[in-house]
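Listed below, chain by chain, are the residues.
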Amino acid sequence: MSLIAIENLCAGYGEIGVLFDVSMRVEAGEVVSIIGANGAGKSSLLKALSGLIRPSSGKITFNGEDITKLPADEIVGRGLIHVPEGRRLFSLMTVFENLEMGAFSKRAQKDFKKNLEDVHNLFPRLKEREKQLAGTLSGGEQQMVAIGRGVSSPIK
Ligand SMILES: Nc1ncnc2c1ncn2[C@@H]1O[C@H](COP(=O)(O)OP(=O)(O)O)[C@@H](O)[C@H]1O
Ligand SMILES: [Mg+2]
């Protein structure tokens, strides 16, 4: 069973189709890159996976479960995390608070302490800057927070 399986996915914005018949699989432990020109639909594919845009047809399964019609919060709650392009941090909140927001779902809250340790091992700078407002970090440090916020939520 694949970790993520996308079958014949079509999606877009209103009348405008962007994804046509996309099929792909991601196995556990695998790193998969999607490469394409500007506007090709890479971000839209990730948005469809995260429930931010609704597929018009096709199927997405995660860990064997059909998530095609689930709302975004339910998808996050199952451990499928989207680290957005452009960081999208809460700039007036501290580094710690941003990481805490990554573990917003009930199931993720339970594992937050352990996941926070993983984040700090990955990016020791974030432990040093725990109390600093995210908006005052350098660009690279903000990117660490965006990735760290994603790593704050895996469900063990
Ligand atoms: N919110 C939106 N409303 C309407 N069209 C959009 C929206 N977001 C993206 N698009 C369009 O969908 C297409 C794919 O965009 P996108 O998935 O962001 O491409 P990529 O990430 O590969 O650069 C583009 O033509 C873009 O203009
Ligand atoms: Mg994009």
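As shown above, the structure is provided for reference.
Remember, predicted model here, so these are calculated numbers, not experimental data. Per chain, residue numbering runs from 1 following the sequence as it is written. Ligands are numbered from 1 and chains lettered from A, in the order in which they are written. Reporting of local features is limited, given that this is a predicted model, to residues whose pLDDT is at least 70; pairs of side-chain atoms are given and counted only at 80 or more, and all residues count toward the totals for whole chains, interfaces and linings. Derived side-chain values reflect all non-hydrogen atoms in the structure, with water molecules and hydrogen atoms excluded from consideration.

Draft legend 1. Structural detail: the environment of Val 22. Structurally, Val 22 can be placed in strand E2 (residues 16-26). Contact definition: two residues touch when any of their heavy atoms are within 4.5 Å. Contacts of Val 22, omitting those with residues within four sequence positions, involve Ile 6, Glu 7, Asn 8, Leu 9 and Leu 45. Each helix is a run of H or I in the DSSP string that is no shorter than four residues. Each strand is a run of E no shorter than two, and both are numbered from the N terminus.

Draft legend 2. A look at the packing of aromatic side chains. Between rings of Phe, Tyr and Trp, where Trp is taken as its six-membered ring, a pair exists when centres lie within 6.5 Å; planes separated by under 30 degrees are stacked, by over 60 edge-to-face, and by other angles tilted. For the coordinates displayed, the defined rule picks out 1 aromatic pair. Taken together, a centroid distance of 6.0 Å and an interplanar angle of 65° make the contact between Phe 96 and Phe 112 edge-to-face. You can see Phe 96 sitting in helix H3 (residues 95-102) and its partner Phe 112 sitting in helix H4 (residues 106-122), a full 16 residues away along the chain.

Draft legend 3. Seen up close, the side chain of Thr 94. Inspection of the secondary structure assignment puts Thr 94 in the loop between helix H2 (72-77) and H3. Other than its neighbours up to four places away in sequence, Thr 94 contacts Glu 130, Lys 131, Gln 132, Leu 133 and Ala 134.

Draft legend 4. Molecular detail of the environment of Arg 107. Within the secondary structure layout, Arg 107 lies in helix H4. Arg 107 sits 47 residues away from Pro 154 along the chain, and the two C-alpha atoms are 9.1 Å apart.

Draft legend 5. Spotlight on the nonpolar core. Only buried residues count toward a nonpolar core, which is a set of Ala, Val, Leu, Ile, Met, Phe, Trp, Tyr and Cys residues joined through side-chain atoms within 4.5 Å. Remark: exposure states derive from per-residue accessible area (1.4 Å probe, protein chains only) relative to the maximum for the residue type, with buried under 20%, exposed over 50%, and partly exposed in between. Judged by nonpolar contacts, the single largest core of 17 residues is most densely connected at Ile 4, Ile 6, Leu 9, Leu 19, Leu 45, Ile 67 and Leu 80. At the level of elements, strand E1 (4-13), E2, helix H1 (42-50) and strand E3 (57-62) are the ones that each hand at least two residues to this core. Core analysis: the second largest hydrophobic core is formed by 14 residues, Leu 99, Ala 108, Leu 126 and Ala 134 among them.

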